[in-house]
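# Structural overview
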Amino acid sequence: MLHYLPGCDVRKNHPEAVSRMQAYMENKGIVIDQCCRIKNKFLQDGDTIIHNCTLCQLILNEVYPNNECLSLYEYVLNDRSFPWVDHQGEMITVQDCWRSRNNKPLQLAIRECLKRMHYTIIEMDENYSKTTYCGVWLNNAPAKDCVEIAPKTFARITKNHLRLLSLEEQIKNMEQWVQQYTTKQILVYCNGCEKGIRLGGKQPIHLIELLSEGL
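Numbering of residues starts from 1 in each chain and follows the order in which that chain's sequence is written. Whole-chain, interface and lining totals are the exception, using all residues; otherwise, since this is a predicted model, local features are given only for residues with pLDDT of at least 70 and side-chain atom pairs are given and counted only at 80 or more. Side-chain descriptors were evaluated using all non-hydrogen atoms of the structure, hydrogens and water having been removed beforehand.

### With respect to the packing of aromatic side chains
To describe a pair of aromatic rings, one takes the distance between the centres and the angle between the planes. Aromatic contacts are taken between Phe, Tyr and Trp rings whose centres are within 6.5 Å, Trp giving its six-membered ring; a plane angle under 30 degrees counts as stacked, one over 60 as edge-to-face, and the others as tilted. By the definition in use, this model includes 6 aromatic pairs. Arranged with centres 4.8 Å apart and planes meeting at 65 degrees, the rings of Phe82 and Trp84 form a pair that is edge-to-face. The class of Phe82 is buried, set by a relative accessible area of 5%. Here Trp137 and Phe154 contribute two aromatic rings whose centre-to-centre distance is 6.2 Å and whose plane-to-plane angle is 65 degrees, an arrangement assigned as edge-to-face. Separated by 17 residues along the polypeptide, Trp137 in the loop between strand 6 (120-122) and helix 6 (144-149) and Phe154 in helix 7 (residues 151-160) bring together distant segments of the chain. Both residues of the pair, Trp137 and Phe154, belong to the buried class. Whether a residue is buried, partly exposed or exposed follows from its accessible area with a 1.4 Å probe, protein chains only, as a fraction of its type maximum: under 20%, in between, or over 50%, in that order. We count a stretch as a helix when DSSP gives it H or I for four or more residues in a row; a strand needs E for two or more, and each element gets its number in order from the N terminus.

If you want it as structure tokens, here you go:
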């Protein structure tokens, strides 16, 4: 069985886009699940989960290691009837996310989605597995419910990658980070990346907003 997990923060930040995507999924007969942070398991053997949140991905990989975890972007690329909107060569910078740095299929799918929409893709020097960026996510303590649901994952992140900073330091870092973008449009697929770019004074666009345009 296929399950679609839109992600709590993605839904909060992009309610209309998520609503349209959920309707699309329901028309495909796909089960809609609301949150990955529940202690009662909702997947059975053989189920596949479709997600569009990099935090969900981390949690799902620990809680459901034997279930296939597929990005929304990979799924829609395999739907011959998906309605792609033509952006006629507009330039867009792809901001890769540290949380998905080892997920090459997801990263490639994101770029293929942009190509289907006829975007001109601008790559950053730090892209794919080289990316170190996740907004300010690694500068704040992880949420308690995330730690409870996926303790091994967050113990590893806390030990090896967490670097707590004050809000003032975070803002300063993000203001410096966004100076490297050379295009008006900045593509994100992560809530942490999105928050960080906004904190730095720029307005990114989440890929779910682009995918939902034709739905």
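And the narrative resumes.
### Remarks on the side chain of Asp47
By secondary structure assignment, the location of Asp47 is in the loop between strand 2 (31-32) and strand 3 (48-51). Summary of buried charges: Asp47 has no salt-bridge partner, and the nearest side chain of opposite charge, Lys41, is 12 Å away. Any N or O atom pair separated by 3.5 Å or less is treated as a polar contact, with the protein-specific requirement of one donor-capable and one acceptor-capable atom, and with residues adjacent in sequence counted only for side-chain atom pairs. From its side chain, Asp47 meets the backbone nitrogen of Met1 in a polar contact 3.3 Å long. A polar contact is formed between the side chain of Asp47 and the backbone nitrogen of Gln44, at a distance of 2.7 Å. Positive charges come from Lys and Arg alone, negative charges from Asp and Glu alone, with His and the N- and C-terminal ends not counted. Salt bridge, as used here, is a side-chain nitrogen of Lys or Arg placed within 4 Å of a carboxyl oxygen of Asp or Glu.

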